[in-house]
Structures are given as structure tokens and as C-alpha cells.
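Residue-level structure breakdown
Okay, here's what each chain looks like letter by letter:
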Amino acid sequence: MSERKIRVLVAKPGLDGHDRGAKVVARALRDAGMEVIYTGLRQTPEMIAEAALQEDVDVVGLSVLSGAHLTLVPKIVDRLKENGLDDVLIVVGGIIPAEDIEPLRQLGVRGVFGPGTSTEDIIAFIREQVNVAN
Amino acid sequence: MSLTEPILRGERRAIARQISGIENERPEARQVLAELYPHTGRAYLVGLTGAPGTGKSTLVNELAKAYRRENKTVAIISVDPTSPFSGGAILGDRIRMADLAGDPGVFVRSMATRGSLGGLARATADAAKVFDAAGFEIILIETVGVGQAEVEIAGLAHSVVVVEAPGLGDEVQAIKAGILEIADVFVVNKADREGASRTVAALTMMLDLTDPSLPKTVLHHGQLMAVAATVSNPTRVELAAWRPPICKTVATQGQGIAEVIAALAEHRTYQLNQGMLVQRERERLIFEIQQMLKERLLADLLDKTSPERVNQILTQVLERQLDPFAAVEILAKVDVM
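The structure contained in this document is the topic of the report that follows. (Residues numbered from 1 in each chain as written. Chains lettered and ligands numbered in written order. Predicted model: local features only at pLDDT ≥ 70, side-chain atom pairs only at ≥ 80, totals over all residues.)

**Points about the overall build of chain A**
Of regular secondary structure, chain A possesses 5 helices and 5 strands. Listed N to C, the secondary structure of chain A is β-α-β-α-β-α-β-α-β-α in terms of helices and strands. Against the compact-globule benchmark of 14 Å for 134 residues, chain A has a radius of gyration of 13 Å, which places it among compact chains. Dimensions of chain A, computed from the C-alpha atoms along their principal axes, are close to 40 × 35 × 25 Å. A separation threshold of at least 6 residues defines the contact pool for chain A, and within that pool the share at least 24 residues apart is 73%. (Helix = DSSP H or I, 4+ residues; strand = E, 2+ residues; numbered from the N terminus. Rg over C-alpha atoms; globule rule 2.2 N^0.38 Å. Contact = placed C-beta atoms within 7 Å.)

**Remarks on helix 3 (residues 69-82) of chain A**
Residue and element names in this part refer to chain A. Taking 1.5 Å per residue as the helical rise, helix 3 with its 14 residues ought to reach 20 Å, and the 20 Å between its terminal C-alpha atoms agrees with that figure. Along helix 3, the positions that sit buried rather than exposed are His69, Leu72, Val73, Ile76, Val77 and Leu80. Projection of helix 3 onto a plane perpendicular to its axis shows the buried side chains occupying an angular sector of 130°, all on one side. Buried residues in helix 3 make contact with helix 2 (45-55), strand 3 (59-64), strand 4 (89-94) and helix 4 (98-107). Downstream of helix 3 by one or two residues, Gly84 has phi in the positive range, about 80°. (Expected span 1.5 Å × (residues − 1). Buried ≥ 20, exposed ≤ 12 C-beta atoms within 10 Å, placed from the backbone. Arc of directions from axis to C-beta.)

**Points about the sheet that holds strand 7 (residues 185-188) of chain B**
Residue and element names in this part refer to chain B. If you trace the 7 strands from one edge of the open sheet to the other, you get 4-2-5-1-6-7-10, paired in parallel fashion. Every other strand in the sheet has two partners, leaving strand 4 (106-112) and strand 10 (246-248) as the edge strands with one partner each. Sheet twist, expressed as the mean angle between neighbouring strand axes with direction ignored, is 20°. Pairing of strand 2 (residues 74-80) with strand 4, which is carried by 7 bridges, proceeds in the parallel orientation. Across the sheet, the residue bridging to Val79 is Met111, located in strand 4. On top of the sheet, helix 4 (residues 56-69) reaches strand 1 (44-50), strand 2, strand 4, strand 5 (138-142), strand 6 (159-164) and strand 7; it is set at about 175° to strand 5, its chief contact. (Pairing = 2+ DSSP bridges. Axes fitted to C-alpha atoms, helices over the stretch in contact; angles between N-to-C directions.)

**Notes on the interface of chain B and chain A**
Contacts between the two partners involve 28 residues from chain B and, on the opposite side, 25 residues from chain A. Elements with a minimum of two residues in the side of chain B that touches chain A: helix 2 (12-23), strand 3 (89-91) and strand 4 of chain B. Considering every element that reaches the side of chain B that touches chain A, the biggest residue donor is helix 2 of chain B, with 6 residues. Across the side of chain B that touches chain A, the residue classes break down as 11 nonpolar, 10 polar and 7 charged. (Nonpolar A, V, L, I, M, F, W, Y, C, P; charged D, E, K, R; others polar.)

**Observations regarding unusual backbone geometry**
All names here are of chain B. The phi torsion at Arg114 lies on the positive side, around 45°, for a residue other than glycine. Structurally, the position occupied by Arg114 is in the loop between strand 4 and helix 5 (124-133). Residue Arg320 is not a glycine yet carries a positive backbone phi of 65°. Inspection of the secondary structure assignment puts Arg320 in the loop between helix 11 (307-318) and helix 12 (324-332).

Just distances and angles here, no functional claims.
Laid out in C-alpha cells, this is it:
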């Protein structure tokens, strides 16, 4: 029972109301044995950083389909840093144009998963990255 | 560096890390817990339990807001079930608690049961101690959606709120043993729905049946008959009996929340006046220490027995060469073998 569980916050920042993708990923991570804190729609950067802090998560997974990722993600990264969460793994999923991937990486996002990514790939990536960190 | 000092100062990151440490059974976490223990015992622990979908999380959200209006700091521990198949969990209670975001006087922590069956996680009681030591005045503990037998919360909280909703059961459900017996306060949530008054009536009837000071009127073959009270010494009853009030709420609209807060305050006063808080605390500690002792003895015993030996005994039970009682006898006597 004392094995370490990976804790993941799955959040949808911004105003778009499409949470199907986030729910599919949340469910897949659960089935992979992770503890998923699901916060629902329309989360502000402050709410996401606060939840990440209180829940002491290893991973923050953001789902953005509105196109506002380059506005929202920097704010979230800043708030996470303000809360002392420099080491948390940030991954982003959703509709992310190819040319935006590098800017997101520069911000500290380590994984970007577009449409058609298999949940196995996401799970494998998270496991690998979290194990490296520990 | 030890987390003890930062936790006592109320530093949120330290609190969060310590709770993870407890969940993951890290030895340092146990040490910190030992250091925090002298600083605990000040918080008021309120448990909320009830069937899935009765509105526990929404009610917790509303109660937290109400306590914040009284300027009391609030910690929330929300427990959701771990999948018995994958070991994973979806912890979704924060969805209903978005109102509390951004308030530094509130701390919400979601927790998975990780195999515990009593409605709480193994780490819940210790997480509550962390919040207590960090200075939170009110600790709201929401159990998983429970059926009838998950009563562990009664051993942990000072006051237990059992949340019901219309349409979940009839009068016979109400007189069955289980979670209804642990209620200090009943909440009939979703009271704007059809059947709410029936639910209140069923609970009232159940309470009338168990209240020894009340003369009863029972329906017997269609005839109303009076039955004398079962306890003849009313002063003793007055001292001992707490009759759980029944509050009607519509948590999504904040209706009836003030009444729940008032009922809890009354229960708290009652406990303080009757000296029952000490008694409950004592019972709670006995329960907690027994649990830890069980786990420790089991772990020790299994340490001393080789897995091959355990497997061998299991196979014998499986093949009906040994009954389970005999298997336990053999395993329990491993010391003397």
C-alpha cells in the first residue's frame, strides 16, 4: 500500500466549455493507477495554481481548445512559480498549432499533446518524467 | 529541513507536502506528526456522510462559506474512492467548491481511499491533525458516498452530519442499523424536490422510536395505542440524550445552511457542557490506537512468515484441506513455531 501514487491535476483554464477531452484523459490516467484531481471548467490561473499547491500534485495537465494557450499558459506558469511549485511537470493538451509548441516549451511546458495523441503515450510520458524527477 | 515549524506557522506548501508524506507512509512524515501532536486538539472536526449524489460536496462548500463569514478558518478533507482494479482515482469534489478559491482562510485537500473501506482513507485522521496543528479552526471531513455500514467517520469527527435526499428509501431503510445511528445532525438536502417531507417524516419516526423519554403512540392493527416511555427516570435521560435535529436544505441555493450551522453549534455546546467531548475523544483515541495496533501486529506477523509459507497455507484452504479459522490459528502462532 505504501507505493507512491502519481497525483495529477487536470484543469481546463479559460472560457471554452468543451471538457470531453479532459475527461477522457482523466479517466485514462485513473485507469493507469494515478490519482486525478479533476477541477472542472473555467478555471482561472490562480485557481489552478492554488489547487496544485493544496493537492501537492506531481503533474498539472491543462486542456485548452480555445486558442488562448499562449495567453493562459504563461500566467499559470507564473502563478505556479509564485506558489513555489517550480518542479511540477506541466503538460498541455488540446488544439495547439505546430508553431506554438516551441514557445510553450520555452515557458516550461514539457509535454504538448495534440488531437490524435493516444492516452498510452500521455501515460508513458508522465510516468517517465515523474520517475526522473524523483 | 523539518516541516514541523512551517506547518505550525500555517505555511500551505508544507501542509500539502506533509499530507502527501502521510499518504505515502514516509518515515519523516511520521516524525513530523509526532512533533505536531502536542499542538493538536483545538479544531472542531465536523464529518459529513451520506449516499452518493445527496449533495455532500455542495453542502461542504456552503458550510465553509458560512464559517468564513464568521471569520473562522476552514480546512476541508474530501475523500473519494480508489478504483479497486487500477488503484487510480478521480477526485472530483473540488468541482463543487470553486466558490472557495482564492480565500487564504480555506484549504481544500482531496484524498483517495487507497483501499480503506470505512468511508475514509487511512491518512484522513492524520491529515486532520496536520490542519489542526496548523491552526485551522473548523475541519470539514467529507466521506466517500456511503451505503449503510461505513461509520468510521463517527470515530473521527466531533459532530457527524448525515446527509439524506428525497426518494432514497422508505421507513424501513430509516430504522436499519448503520449510518443513521451515527448522526448528530440530519440534513435532508434537495428539500425543494418531491418527497422531501416524506424523508423528514421517516427520519422523525425513526428518532421517535429510539427516544426513550417519549411516550409512544403506535399504530397497531389500525388502532392507535399509547405505549409508556421505556425510561422512567427523566433526569438521567435529560443528561444523556441528544436528539439529532433534522434540517432541510437546498445547498445549491444556500437555503437552510444557517440552520445547519446553528444545529452544529448547539451540538458542540451540548458536548462541552456534558463533558462528552472528553469522552468522545477518549473513544476516538482507543479506536485509533487499536487500528494502528492491528496494522502493526499484522505487518509484524507477515514479516515473520515467508510468503511461500503463506501461499502454502492459502493453497491448503483453497483445496479444502484446511478451514480459514485453522489457517488463522497457524499464522497467528508463527512466533512459537
